[in-house]
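Chain and residue survey
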Amino acid sequence: MGAVVGDVEPNSHQASLDWTFDFVSAASRRAPLTMTQNQTSSLRFAGLDGLRAVAVILVVIYHLFPGSPLRGGFVGVDVFFVISGFLITSLLLRPSRLGRLGTPRRLIDFWRRRARRLLPALAVVVTVCATAAWLLGGDLLVGMGRQVLGAATFSYNWLAVADGTDYFTATAPELFRNFWSLAVEEQFYVVWPLLLPLVLLIPGRWVRVALLVVAAGGSAWWMAQLVGAGDVTRAYFGTDAHAFGLLLGIALALTIVNMPEKAWMRGRGMQVTSLFIGVVGLGAIVIAALMPESPDTATFPGALLLATVGSLLAVLAGAWPGSWFGRGLDVAPLRWIGDRSYGIYLWHWPVLVLVLVGTQGFGPEAGVPVMAGLLALVLSVTAATLSYRFVEQPLRRYGFRRSLRVLGQRIAGTAVARFTGLAALTVAVVAIGGTTGAIVNAPHASSAAAMIHLGAQAVEEASQTPAPVSSDEPVLPTASPSPDVPGELGATGEPAESGEPGAGASESVIVVPDGTQITAVGDSVMLASAPSLIEQFPGITVDAEVSRSIWAAPDILNALAENGGLRENVVVALGTNGPVDWGVLDQMVQIVGADRNLILVNAHAPRDWIPGVNADLDAFAGSHRKVWVADWSGAIGARTDLLAGDGIHPGRGGGDVFAACVESAFQTIEKERIRAEKRFEQAPSGRAPRVPFPE
């Protein structure tokens, strides 16, 4: 790299998500070997390239292949945090010709080098992907200004929290969502060089280490408190709550950096011990990555702490003098990935979002097909490799000003050089222009969020309007389902065949309950459909919220029953956000009771659990009296143009279809009742069939 004596230049050991340093100084050559000088006179940390590779592989698999066993692969970010805390502190503790730690000259040099390493790749990813998003348009542009501002000012995590972003549920694909962790690290790079000199004023190495460990424990405790209060995104994104990995990495650096190396450290017994420690550390990381994600303290901070401790053990094993573990982890393929892990991390999420929106119209929140994940993987690694070769390495070698001079010389040089220089300049101008267009044309909210907001407004207005007086007279005489719902539905939502209950009842008046006889409980799909439900069934009570699942139903129904809010007909639509459980469904039946009808609305969403949800609902309704299925999936399947950009939430036309399928379910119930009554009247004495609605 051409580093002068005492200077610090980056090499293959990188200390952000993908960077570190080659520490070379005259003082270090004259001093006795220390634990961080294992293997060469330049201070290299064996195994960290491979450990970075493991971390980025976990994160990429978690995002690109969500059906894999690595359901907690996001813990790879915490591995990066530990590495960064350790390496940055190790760098700052080394002697420098630029003066003592904390002097303006040394601080400016540190920040300049970090900017040279991080900003070029970041700028390329932001401008290229924002331009692609501008070309695709739609919900992909929501919040683009905030996202670009967060990336440019190292504040992405806090801007996302302030904007109310939910990391775990979203109504629109967020293009640069993975930049939250980069913001946490960049804030660390700005603040820690200022604080470290103050920490070093505390006498005693172990006192300083203990202080950092206590601070890390406080950060983890704060995350647990936030999660216990239900604010998981704030806990996960917040620098204060997610700093324990960085702090423990710092503590490890304060422990071993400049600690004199002894001969016994390189003995066979200690090498075996360090190898064992490293393998245990890797095992802990993998176990944490295999743990299913849950929005509680078992994951936040439980699984994150397990991965953090595993990372500490792996870093310690790699930094051990003569480490077998470090050399084994730095095998060529892992080292190659580790060198490019920063770029791979930056590219993989935006590329995945663009691939999904471009091929199926909605983002990762609706599921990731395997082929889409593979395509995103190939594109991400290719883009990261090209960026590393043609953007990151030249700027690290020449710096910003010299790189601009080189570009000017190319433009003024030979025809070939002029062409490549002008091509690079043109691409940069187009990308900047596309990013500007993406920001200017960004909608204020996603189409799904807009529909949900309108639904919430309709529910609020309806709650303030006196309900119409219930009438026992037929309110909607009809002989056939709404034309928006194809076919007549049987008890499980399937078309009724001739001779089955429900068929041949059209000669009787079909009485559909009015809204004062209906209680509806649901998730954001029902909330988006609320205007149509309220219009179709005046007086209906709608209790719907975003992100609800079937597990919330028993508590909600119990509360309504205790408050007298459970009416003769209970409509439940809670199948969108996860698989259903028969035990929970049985609880719902018991709460609703034998004197009420329970209508279960099935689900429609591009998510892998939906077919299982719908099959379970059909089977449950088929085995329980007075339980019915409203076939929302079948009704909207041919009219997906009526859904918002996420392919899940209905617009107003889709809401009408939702209300119509609920109405059709009520018609099926009434037809079954009429059919059963006729069979009862026609049956010989003592042989009457079961009447499903005994008085």
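The present account deals with the structure reproduced in this document. (Residues numbered from 1 in each chain as written. Predicted model: local features only at pLDDT ≥ 70, side-chain atom pairs only at ≥ 80, totals over all residues. Heavy atoms only, no water.)

**Some thoughts on the overall build of the protein chain**
In terms of regular secondary structure, the protein chain is built from 24 helices and 7 strands. With 695 residues in all, the protein chain has 53% of them scored as buried. Contacts in the protein chain between residues at least 24 apart in sequence constitute 77% of all its contacts with a sequence separation of at least 6. Carbon and sulfur atoms provide 63% of the accessible area of the protein chain, an area that totals close to 28800 Å². (Helix = DSSP H or I, 4+ residues; strand = E, 2+ residues; numbered from the N terminus. Buried < 20%, exposed > 50% of the residue type's maximum accessible area, 1.4 Å probe, protein only. Contact = heavy atoms within 4.5 Å. Areas by Shrake-Rupley, 256 points an atom, 1.4 Å probe, with all protein chains shown as cover.)

**Considering the side chain of E174**
Within the secondary structure, E174 is located in the loop between α6 (156–162) and α7 (179–199). A distance of 3.1 Å separates polar atoms of two side chains, one belonging to E174 and the other to R146. Not counting residues within four places of it along the chain, the set of residues in contact with E174 comprises R146, Q147, Y156, T165, W349 and V353. (Polar contact = N/O pair within 3.5 Å; in protein donor to acceptor, adjacent residues only side chain to side chain.)

**So, the environment of S219**
As for its placement among the helices and strands, S219 is situated in helix α8 (residues 205–228). At a separation of 3.2 Å, a polar atom in the side chain of S219 contacts the main-chain carbonyl oxygen of A241.

**A look at the nonpolar core**
Counting residues in hydrophobic clusters, the biggest one holds 113 residues, and the most contacted among them are L51, F86, M144, L175, F176, F179 and W180. Among the elements that line this core, the one with the most residues is helix α15 (residues 341–360), at 13 residues. Filtering out sequence-adjacent residues up to four positions away, M144 remains in contact with A130, A133, L175, F176, A438, I439 and A442. (Core = buried A, V, L, I, M, F, W, Y, C linked by side-chain atoms within 4.5 Å.)

**Side note on the sheet that holds strand β7 (residues 627–630)**
Strand order in the open sheet formed by 5 strands is β4-β3-β5-β6-β7, with parallel pairing between adjacent strands. At either end of the open sheet lies a strand with only one pairing partner, and these are β4 (541–544) and β7. In this sheet, neighbouring strand axes are inclined to one another by 20° on average, regardless of whether the strands run parallel or antiparallel. With 5 bridges connecting them, strand β3 (residues 518–522) and strand β5 (residues 569–573) associate as parallel partners. Within β5, the residue paired with I518 across the bridge is N569. Against the sheet, helix α22 (residues 610–622) makes contact with β6 (597–601) and β7, and its axis sits at roughly 145° relative to β7, the strand it touches most. (Pairing = 2+ DSSP bridges. Axes fitted to C-alpha atoms, helices over the stretch in contact; angles between N-to-C directions.)

**A short note on a nonpolar patch on the surface**
On the surface, W111, V190, V191, L194, L195, L198 and L201 cluster together into a nonpolar patch covering about 630 Å² of accessible area. Residue contributions to the nonpolar patch peak at 5 residues, all from α7. Topologically, V191 is positioned in helix α7. Taking relative accessible area as the criterion, V191 reaches 41% and is therefore assigned partly exposed. (Patch = residues over 30% accessible without salt bridge, like charges linked within 9 Å, V, L, I, M, F, W, Y side chains within 5 Å. Salt bridge = Lys/Arg side-chain N within 4 Å of Asp/Glu carboxyl O.)

**Notes on helix α19 (residues 524–536)**
Under the 1.5 Å per step criterion, the end-to-end length of α19 is 18 Å for 13 residues, consistent within 8% with the ideal 18 Å. Of all the 13 residues making up α19, 10 are buried; the element is thus mostly covered by neighbouring parts of the structure. Listed as buried for α19 are S524, V525, M526, L527, A528, S529, A530, P531, S532 and L533. One side-chain oxygen of the residue at the start of α19 lies 3.0 Å from the amide nitrogen of V525, identifying that residue as D523. (Expected span 1.5 Å × (residues − 1).)

**What to know about the packing of aromatic side chains**
Pairs of aromatic rings are described using the distance from one ring centre to the other and the angle between the two planes. Per the stated rule, a full pass over the model turns up 18 aromatic pairs. Ring plane angle 75° and centroid distance 5.0 Å describe the contact between F45 and F86, whose orientation is recorded as edge-to-face. Separated by 41 residues along the polypeptide, F45 in the loop between α1 (26–30) and α2 (48–64) and F86 in helix α3 (residues 76–92) bring together distant segments of the chain. The residues F45 and F86 share a single accessibility class, namely buried. An angle of 15° between the planes, with centres 6.4 Å apart, marks the rings of F188 and W192 as stacked. Taken together, the positions of F188 and W192, both in helix α7 and 4 residues apart, correspond to about one turn of that helix. (Phe/Tyr/Trp six-rings, centres within 6.5 Å; stacked < 30°, edge-to-face > 60°.)

**Thoughts on the environment of A553**
As for its placement among the helices and strands, A553 is situated in helix α20 (residues 553–562). Once residues lying within four places of it in the same chain are set aside, the contact partners of A553 are L574 and M588.

**Here's the deal with α7**
Because the α-helix completes a turn every 3.6 residues, residues three or four places apart line up on one side. In this model α7 runs 29 Å from its N-terminal to its C-terminal C-alpha over 21 residues, within 8% of the 30 Å that 1.5 Å per residue would give. Roughly 40° is the biggest bend found in α7, and it falls at W192, with proline P193 one to four residues downstream. Burial within α7 is extensive, with 15 of its 21 residues counted as buried. (Bend = angle between axes of the 7 residues up to and from the residue.)

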